[in-house]
Amino acid sequence: MDMKHKTLSIGKKGLPDDIALAMNAIRDGQDIFRSPFFSSEFTRVVAAARDDVSLFVGETASSLEYYCPLHVTRSGTARGIGCSFSDRNGIVTAPQADFDLVDLCQVQNIQQFISNGYISEILPNAHHFKTMYNNETHLDGNYAHFYETQRKRHPSHFKRLRRLRRKLDKDFSDVEFRFDDKRDATFEALMTMKREQYLRSGKHDVLRPDWVQRMFSELRNLSNDRLRLRLSSLFVDGKLVAAELNMQSEETLHGWIVAFDTEYGKYSPGNLLTQFILENMTSFDLDYYDSGIDGDHYKKYITNVRTPLAVGTFYANHKGVNPKRILGSAWKLTENTMPRPMAHILQRSRRRSEQILATEIDNISRLRGYFHALNVEI
C-alpha cells in the first residue's frame, strides 16, 4: 500500500474540515487515543494561538493513515502539540497502519522528539526516556462501586476525607461546589493562584505568554463534547479555596490546571475537590478521569488503571552525526557523574530550560525566562 507523507503548516489558515473529519475518524473507537490532547479540535485551537504548528499526515488513495501535530524548530527539535500543556503525545494511526515515531523522524528529518508522555514505552534509542505510569480513574458507570472498592483498599485515607468534609461543614456556614463553573471570576482566580504557586516554587510561569492566554480564551468558548473545558470549584463562605480546570473529550475528563489556597491547607481542599468531581462525573456522562503521571503518593487513592508512558527525549537514527544526541548524552553523563548537589542543580537547570524553550516562542521572552531563572537560583 503506497502512502504519501505530507506536512501541513496550519497556523492562521486553520485546519481543513476534511482533514479534521479524517482525524476524528481514525481516533474514534481507539481507546489508546481517548485523551483530549489527540483531538483535532485541540490541534486547531493551539495552531490558532501560535504559528509554529505542523501537522504531519500519511495518506493512501482511500484514507488518512496517521496524523501527528507537532511544534518543530528549525534545528529539528519536535514537541507535542501544546508543548508544556500537552500531557499525552504520539502518532495517531489507523488500526492497521504500520508507522511509528522512528519512521516519522526519518521521513521528516526530525533530530529529536521531546515528550511529556509518549503513549508507547517500546522505542529504539529510548535510554533517554524513562517509563512512568499514568494514573486514571475508571468509574465504569458506577461511582458507588468504585468508591467502595477504593475505600476497602485505603480505609484510613477515605476515613480522613470524611472527617475533613464534616470539619469543613462545621467550620463554615456555606460550602459550595460547582462541577462546571463558567464564571470568569473563578477562572481568573484559579490562574492567579497557579501563577503564585509558580512564583513560590521558582518554576517558570508557563501561563504568562500571550499565546497561552489566547489558547485558554478559545478553549473556554468551546461547547462540543469532542473537546471542551470543565472548571470545577470549591468555595467556603464565598471564598475560592480550590479550583481545577479540566479538559473533556467525549467521556474522558483530563486533570489539567489545579491550585488551592494554602491558607486552607489543613482541610486538604485539593483532595476534597477531586472527590467532589468524581462524585459528579457520571451525571455528566463521564466515565474516565485522567490525573496524569507523578504524584503517585496521593493519586493512588483514586487510581484503578495505570498505563505506561515514555517521558523524555528520543533521538532519531539519522545517517551521520546527530549533534543533539551528542550534546544530550554529554549532559546526561555529567549529571550522572557529578556529586549529588551539583547533579541536582544540573537536573533542575535542564528541566527549567526545557520549560522556557517549550513555552516561550520568541528570543526576548526566552532571555527574560533565563534571567528570571538565574535570579531564583541566587
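Everything numeric in this text was worked out from a predicted model, so none of it was measured.

> Describe the overall build of the chain, listing the residues and the values that go with them.
The helix and strand tally for the chain stands at 12 helices and 13 strands. Buried residues in the chain amount to 52% of all 378 residues. Residue pairs at least 24 apart in sequence account for 73% of intrachain contacts in the chain once pairs closer than 6 positions are excluded. Of the accessible surface of the chain, which amounts to about 18,900 Å², a share of 51% is contributed by carbon and sulfur atoms.

> Describe helix α3 (residues 101-108), naming the residues involved and giving the relevant values.
For α3, every residue scored as buried is listed here: Leu101, Val102, Leu104, Cys105 and Gln108. For α3, the arc enclosing every buried residue in end-on projection is 165°, short of the 170-degree limit, so these residues lie on one face. Those residues of α3 that are buried lie in contact with β1 (4-9), β2 (53-59), β3 (64-72), β6 (112-118) and β13 (305-315). Asn109 sits one or two positions beyond α3 and adopts a positive phi of about 55°.

> Tell me about the environment of Asp174, and name the residues and values.
Along the polypeptide, Asp174 turns up in the loop between α5 (155-171) and β8 (175-178). Overall, Asp174 belongs to the partly exposed group, its relative accessible area being 40%. Remark: the alpha-carbon pair of Asp174 and Lys239, spanning 65 residues in sequence, is separated by 9.8 Å. With sequence-adjacent residues up to four places away left out, Asp174 is seen in contact with Phe235, Val236 and Asp237.

> Tell me what's going on with the nonpolar core, and back it up with residues and numbers.
In terms of nonpolar packing, the biggest core is built from 51 residues, with Phe42, Tyr67, Phe85, Met215, Phe216, Leu245 and Trp256 touching the most fellow members. Those residues within four positions of Leu245 in sequence are excluded, and the remaining contacts are Phe187, Leu190, Met191, Phe216, Leu229, Arg230, Leu231, Trp256 and Ile257. Listed in part, the 27 residues of the second largest apolar core include Phe146, Leu234, Leu253 and Tyr264.

Cut-off values and rules
Residues numbered from 1 in each chain as written. Predicted model: local features only at pLDDT ≥ 70, side-chain atom pairs only at ≥ 80, totals over all residues. Heavy atoms only, no water. Helix = DSSP H or I, 4+ residues; strand = E, 2+ residues; numbered from the N terminus. Buried < 20%, exposed > 50% of the residue type's maximum accessible area, 1.4 Å probe, protein only. Contact = heavy atoms within 4.5 Å. Areas by Shrake-Rupley, 256 points an atom, 1.4 Å probe, with all protein chains shown as cover. Arc of directions from axis to C-beta. Core = buried A, V, L, I, M, F, W, Y, C linked by side-chain atoms within 4.5 Å.

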